[in-house]
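Residues per chain, in single letters:
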Amino acid sequence: MSDTKTVKLVDESNNRSSELPLLSGTLGPACVDIGNLYKDTGHFTYDPGYGSTASTKSAITYIDGDQGVLLYRGYPIEQLAEKSSFLETAYLLLNGELPSKGEFAKFEDDITHHTMMHESLKDFFKGFHHDAHPMAMLAASVASLSAFYHDDIDVDNADDRKLAAIRLIAKMPTIAAACFRYSIGWPFRYPRNNLEYVDRFLHMMFEVPSEPLTLSPVAAKALDLLFILHADHEQNASTSTVRLVGSTGANPYASIAAGITALWGPAHGGANEAVLKMLEEIGTADKVESAVKRAKDKNDNFRLMGFGHRVYKNFDPRAKIIREMTHKVLGELGVNDPLLEVALKLEEAALKDDYFVERKLYPNVDFYSGIIYKALNIPTEMFTVMFAIARTAGWIAHWIEQHETPGARIGRPRQIYTGADVRNYVAADKR
Ligand code: CMC
């Protein structure tokens, strides 16, 4: 007798049954393995939105949504936020362990020497309309990296996969800054290899030919921290997209470009841009009550952006950290933004409102991040691009893990067909 725990599913309508194994990870609830269900019973499962479905095994990130816990490779996000850097966190996500000093120096050196974008990619930008959304330019430019490096990469080769990871993490800030500069008609900046990752990005964003740029250590630290908090979040919509595209054998640039487009939606990473627009629309603290009222009205499409999460039914631990840093960063930068007062009032009003309490809707990572980006002079349309720079570390870590997993198959969900029954073609003159 096997000591593997199982769940038995009996279909009395056709007298067929399936003994479904229960799978356990290191942490978290057990999962019913339904792999044999169709073979045993002739049934599929139906779970739109994947509320009860684990799509993969993964050793990268763990979330306990009830307790508000987030771990990268076992390390609590609070500890990484306090002690790590974005690049070290990216190394951790990719490799599973924190680097030794030597390993980190090599990683940083590799990243630093892959930051340039191909000169032809610069010409590619000229095809965009001047007011194209930076996320559209980012997705297209990252997809176009396939055109520069396609023949170079064998997705079954571990060294090639690693090189793709380095290239993507290195080039993303360069491309992101180019998206911003193109939209305002500034000349592109080459990456300065004497600067660290975040400073280099800020330099490419804000340096102008006419005067020297003084980089702010407060701004760099704040951005680095935001990048750590956004670096991964297990099987969210964009990471699942990267994995689905990756499961076809597509190259990593095409897979990550798909992740970028998935991130763009306001229900996902696009929420940070939507939050700021919402706060601006609300305008003053005295209008908060009516915004909360609208958010509860089922006949109104308005939702409180930056509130709610599929997994967190408690405070999003990232939101807690960002909330605290918002006060600190604005104070240190000497910025007095009235939108912070609106945000604080909105949070307070929602957290004591029955509608939000009953549904366990708490502020998520995007609620306060926009106020910090704004204080760093990053334009609203670039907020989701910031998210994408950071999440690239997680996406590529998942893409690599997927390719290291033996027996992986193409992702291919099933459906419940609700269309017409079989019928015969009718000639045009008879319709
Ligand atoms: N404002 C008002 N009502 C809400 C909100 C909100 N922000 N979020 C959820 N609800 C309600 C929803 O109407 C539903 O009510 P009912 O049970 O009466 O039908 C209930 O709460 C459950 O919501 P759901 O849409 O079934 O939940 P979901 O897990 O499918 O969606 C979500 C999660 C994040 C898409 C959603 O909460 C939302 O749209 N939030 C606003 C957008 C946002 O901030 N997105 C960023 C997510 S965090 C960053 C990231 O990782 O992407």
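Look up: the structure comes first, before these words.
Just so it is clear, the structure is predicted and the values come from calculations on it, not from any experiment. (Residues numbered from 1 in each chain as written. Predicted model: local features only at pLDDT ≥ 70, side-chain atom pairs only at ≥ 80, totals over all residues. Heavy atoms only, no water.)

Near the ligand you find 21 residues, and of these His 268, Arg 303, Leu 304, Gly 306 and Arg 310 are the closest. A distance of 2.8 Å is found between an oxygen atom of the ligand and a side-chain nitrogen or oxygen belonging to Arg 303. Bound to the protein, the ligand loses 75% of the 940 Å² it would expose on its own. In terms of residue class, the shell around the ligand is made up of 10 nonpolar, six polar and five charged. (Near = heavy atom within 4 Å. Polar contact = N/O pair within 3.5 Å; in protein donor to acceptor, adjacent residues only side chain to side chain. Areas by Shrake-Rupley, 256 points an atom, 1.4 Å probe, with all protein chains shown as cover. Nonpolar A, V, L, I, M, F, W, Y, C, P; charged D, E, K, R; others polar.)

With that out of the way, let us pick up the sheet that holds strand β5 (residues 69-72). Pairing within the open sheet is antiparallel, and its three strands lie in the order β4-β5-β6. Pairing within the sheet leaves two strands with one partner each, and these edge strands are β4 (61-64) and β6 (75-76). Two elements, β4 and β5, share four bridges in a ladder whose sense is antiparallel. The partner of Ile 63 across the bridge, within β5, is Leu 70. (Pairing = 2+ DSSP bridges. Helix = DSSP H or I, 4+ residues; strand = E, 2+ residues; numbered from the N terminus.)

What follows covers the side chain of His 268. Its location among the elements puts His 268 in the loop between α11 (252-264) and α12 (271-282). A distance of 3.3 Å separates a polar atom in the side chain of His 268 from a polar atom in the side chain of Asn 236. The contacts of His 268, once residues within four sequence positions are left out, are Asn 236, Ala 237, Ser 238, Ala 262, Leu 263, Asp 366 and Arg 391. (Contact = heavy atoms within 4.5 Å.)

What follows concerns the sheet that holds strand β3 (residues 31-32). Taken together, the three strands give an open sheet; going across it, the order is β1-β2-β3, and neighbouring strands pair in antiparallel fashion. At either margin of the open sheet sits one strand with a lone partner, and together these are β1 (6-11) and β3.

Another aspect to go through is the packing of aromatic side chains. Per the counting criterion, the structure on display carries 18 aromatic pairs. On the basis of an interplanar angle of 75 degrees and a centroid distance of 5.9 Å, the ring pair of Phe 125 and Phe 128 is categorised as edge-to-face. The exposure class of Phe 125 is buried, given its relative accessible area of 0%. Phe 128 sits in the buried class, given a relative accessible area of 19%. Taking the centre distance of 5.3 Å and the plane angle of 85 degrees together, the rings of Phe 307 and Phe 367 count as edge-to-face. Here Phe 307, found in the loop between α13 (288-296) and α14 (317-333), pairs with Phe 367, found in helix α17 (residues 366-375); they are 60 residues apart in sequence, far enough to count as distant. (Phe/Tyr/Trp six-rings, centres within 6.5 Å; stacked < 30°, edge-to-face > 60°. Buried < 20%, exposed > 50% of the residue type's maximum accessible area, 1.4 Å probe, protein only.)

So, about unusual backbone geometry. A positive phi is found at Arg 73, a non-glycine position, where the angle reads about 50 degrees. Of note, Arg 73 is situated in the loop between β5 and β6. One non-glycine residue, Lys 360, adopts positive backbone phi at about 55 degrees. Tracing the sequence through the fold places Lys 360 in the loop between α16 (354-358) and α17.

Moving on, we get to a nonpolar patch on the surface. Together, Val 7, Val 32 and Ile 34 give the surface a local cluster of nonpolar side chains, amounting to about 200 Å² of exposed area. Relative to the elements of secondary structure, Val 7 occurs in strand β1. (Patch = residues over 30% accessible without salt bridge, like charges linked within 9 Å, V, L, I, M, F, W, Y side chains within 5 Å. Salt bridge = Lys/Arg side-chain N within 4 Å of Asp/Glu carboxyl O.)

Turning our eyes to something else, we now look at helix α7 (residues 158-184). Helical geometry: 3.6 residues make up each α-helical turn, so side chains three or four residues apart lie on a common side. Look at α7: 40 Å from first C-alpha to last across 27 residues, which is about the 39 Å you get at 1.5 Å a residue. At Lys 171, α7 shows its largest bend, some 35 degrees, and a proline, Pro 173, comes one to four positions later. Counting buried positions along α7 gives 20 out of 27 residues, so the element sits mostly inside the fold. The opening residue of α7 is Asn 157, an N-cap whose side-chain oxygen sits 2.8 Å from the backbone nitrogen of Asp 159. A positive backbone phi angle near 75 degrees is found at Gly 185, which sits one or two residues after α7. (Expected span 1.5 Å × (residues − 1). Bend = angle between axes of the 7 residues up to and from the residue.)

Our focus in this paragraph is the environment of Leu 121. For Leu 121, the position within the fold is in helix α5 (residues 119-125). Through-space distance from the C-alpha of Leu 121 to that of Arg 303 is 38 Å; in sequence the pair is 182 residues apart. Not counting the four nearest positions on each side in its chain, Leu 121 is found in contact with Ser 141, Ser 144, Leu 145, Phe 148 and Ile 175.

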